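The primary structure of each chain is shown beneath.
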Amino acid sequence: MANFLKSRVNPGRISIALVLSYIIDWLVIIAAVGLGAGLAVISPNKRPFSLVNPEISYPFVNKEKVPTLYLGLYALIIPAAIIFFVAIVLVPGPTVPRSAPKSLIWQRKLWEWHTGWLGLALSLGSAFLITQGMKNLFGKPRPDLLSRCQPDLANINDYIIGGFPGIQSQPGVNGLYLVSAAICKNTDKDILDDGFRSYPSGHASFAAGGLIYLSLFLASKLATTIPYLAPTSYSPENQHLSAFPSRLQTRQNTSRSDKSETSNIDHELARSGHDDKIIGARNQAAAPPIYLLVLTIVPWFASIYIASTRYSDFRHHGFDILFGYLIGTITSIFAFRFYHLPIRQGAGWSWGPRSRHRSFWAGVGVGSYVGPKEGENRQTIPTNRNDLESGNDGVQRHVSNEVGVHNGTGRAF
């Protein structure tokens with residue numbers, strides 16, 4: 001992957017600035033994860049609760065269906081391993097010309113691996129940080145809070161902080177009251193603090209962040225998408241929508257000067273039986289095999305199962321799970337599109353690296369992190385054996401990646 005990070009102006013030299021910019025990307029994500037881990041150990045806000053609320057009266061289950069350790073395995077380790085396998089085995093695919101050097105092929109493999117992991121880390125890291133911050137901020141009681149709390153019922157009047165008097169709610173208490181967390185006699189601080197981290201669900205957000213990202217990654221690499229028609233200019237004839245558009249023989253009145261040309265066209269149609277220049281709409285795309293669709297959606301279904309276990313284990317209320325899952329869904333889609341081309345139009349590729357001169361900053365009015373340094377628009381450089389895209393063809397290429405830059409021939413390339 002080193003040649004991916006070489007300077008475009010000095011192809012034989014690795015761009016230190018570009019390498020450093022991607023190292024900083026990783027460090028920022030690691031710092032976000034560290035901040036989220038720190039939030040997980042501090043005491044959250046503790047929302048007052050009612051001792052007669054059935055929504056927080058469920059039993060505390062010691063044996064979870066998907067413990068936190070298994071969650072890390074399912075949403076982080078397994079997706080990372082699958083991304084590595086796909087990037088090394090399936091990339092770059094059948095479109096590689098035979099003349100492409102092996103070093104160029106391995107550069108592409110390693111770059112796809114790097115961006116695949118970087119996107120996964122961004123998705124999980126951001127979901128983890130957002131979820132942990134919200135848990136501590138809201139301090140919502142879990143469904144099994146009272147089982148964790150072990151309330152001091154003998155001195156309930158000492159902990160009342162709100163409610164409605166005059167309603168018979170508990171024996172010896174005339175009123176429906178809210179009590180503070182101080183009523184809890186459980187001496188295990190970790191279990192008690194965790195009882196106030198119901199909203200949003202961390203399992204749901206982490207599972208969605210890792211497994212939905214994996215589904216998007218697989219859909220991109222396996223070209224598993226809904227078939228679609230590319231936009232076309234309007235035509236009143238719409239020949240491409242006919243049953244057999246290639247066999248349509250449109251005959252029009254022509255002048256005498258056009259008869260010979262029309263005759264040649266008719267001769268070609270009569271000989272082949274169809275016009276290869278007309279492609280029917282139904283032949284412009286096709287549905288991928290179902291087994292590839294299954295491979296793609298299995299991670300997504302797995303994330304739904306993991307999220308659902310938090311309800312049956314009495315760890316979260318329904319809305320907590322849905323909102324946590326929404327967080328993971330948003331971070332996974334964002335992270336995927338941040339580092340990968342659209343599934344329909346990207347042919348399974350990730351975006352390439354930033355330009356050396358735009359490793360840390362592009363500037364207002366530039367609009368892209370690829371392109372030449374200001375004042376180098378007309379500079380050309382020779383390609384070398386390890387050129388990322390061109391291979392070893394010896395053609396002079398322009399420094400810029402931008403559309404519309406001229407190469408000295410008077411035409412844009």
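Remember, it's a predicted structure, so these values are computed and weren't measured experimentally.

**Examining the side chain of Asp313**
Move 1: Inspection of the secondary structure assignment puts Asp313 in the loop between helix H8 (290-312) and helix H9 (318-339).
Move 2: Within the structure, Asp313 has its side chain in polar contact with the backbone nitrogen of Lys65 (distance 3.0 Å).
Move 3: Every residue in contact with Asp313, bar those within four places of it in the chain, is listed here: Val61, Glu64, Lys65 and Val66.

**Some thoughts on the confidence of the model for the chain**
Move 1: Scored by pLDDT, the chain has a mean of 80; 72% of the residues are at 70 or more.
Move 2: Within the model, pLDDT remains below 50 along residues 251-257, and this stretch shows three contacts once partners closer than five positions in the same chain are excluded.
Move 3: Predicted confidence for residues 267-276 stays below pLDDT 50, and this span has eight contacts to residues more than four positions away or in other chains.

**Quick look at the packing of aromatic side chains**
Move 1: Using the criterion set out here, one finds 14 aromatic pairs in the structure.
Move 2: With a centroid separation of 5.2 Å and an interplanar angle of 80°, the aromatic rings of Trp113 and Trp117 are classed as edge-to-face. Of this pair, Trp113 and Trp117 both sit in helix H3 (residues 102-138), four residues apart, which is roughly one turn of the helix.
Move 3: Take Trp113: its relative accessible area is 25%, and that puts it in the partly exposed class.
Move 4: Taking the centre distance of 6.0 Å and the plane angle of 40° together, the rings of Phe319 and Phe323 count as tilted. Of this pair, Phe319 and Phe323 both sit in helix H9, four residues apart, which is roughly one turn of that helix.
Move 5: The class of Phe319 is exposed, set by a relative accessible area of 51%.
Move 6: Residue classification places Phe323 among the partly exposed positions, given a relative accessible area of 25%.

**Description of the packing of H3 against H9**
Between two packed helices, both the angle of their axes relative to each other and the distance between the axes serve to describe the pair.
Move 1: Two elements in contact, H3 and H9, have axes separated by 8 Å at closest approach and are oriented at 150°. Relative to H9, the element H3 is oriented roughly antiparallel. By crossing handedness, the relation of H3 to H9 is classed as right-handed. In contact with Thr115, Leu118, Gly119, Leu122, Ser123, Ser126, Ala127, Ile130, Thr131 and Met134 of H3, H9 contributes Phe323, Ile327, Gly328, Thr331, Ser332, Phe334, Ala335, Phe338 and Tyr339.

Cut-offs used in this document
Residues numbered from 1 in each chain as written. Predicted model: local features only at pLDDT ≥ 70, side-chain atom pairs only at ≥ 80, totals over all residues. Heavy atoms only, no water. Helix = DSSP H or I, 4+ residues; strand = E, 2+ residues; numbered from the N terminus. Polar contact = N/O pair within 3.5 Å; in protein donor to acceptor, adjacent residues only side chain to side chain. Contact = heavy atoms within 4.5 Å. pLDDT = per-residue confidence, 0-100. Phe/Tyr/Trp six-rings, centres within 6.5 Å; stacked < 30°, edge-to-face > 60°. Buried < 20%, exposed > 50% of the residue type's maximum accessible area, 1.4 Å probe, protein only. Axes fitted to C-alpha atoms, helices over the stretch in contact; angles between N-to-C directions. Parallel < 35°, antiparallel > 145°, perpendicular 65-115°, else oblique. Left-handed = near helix turned anticlockwise from the far one by under 90°.

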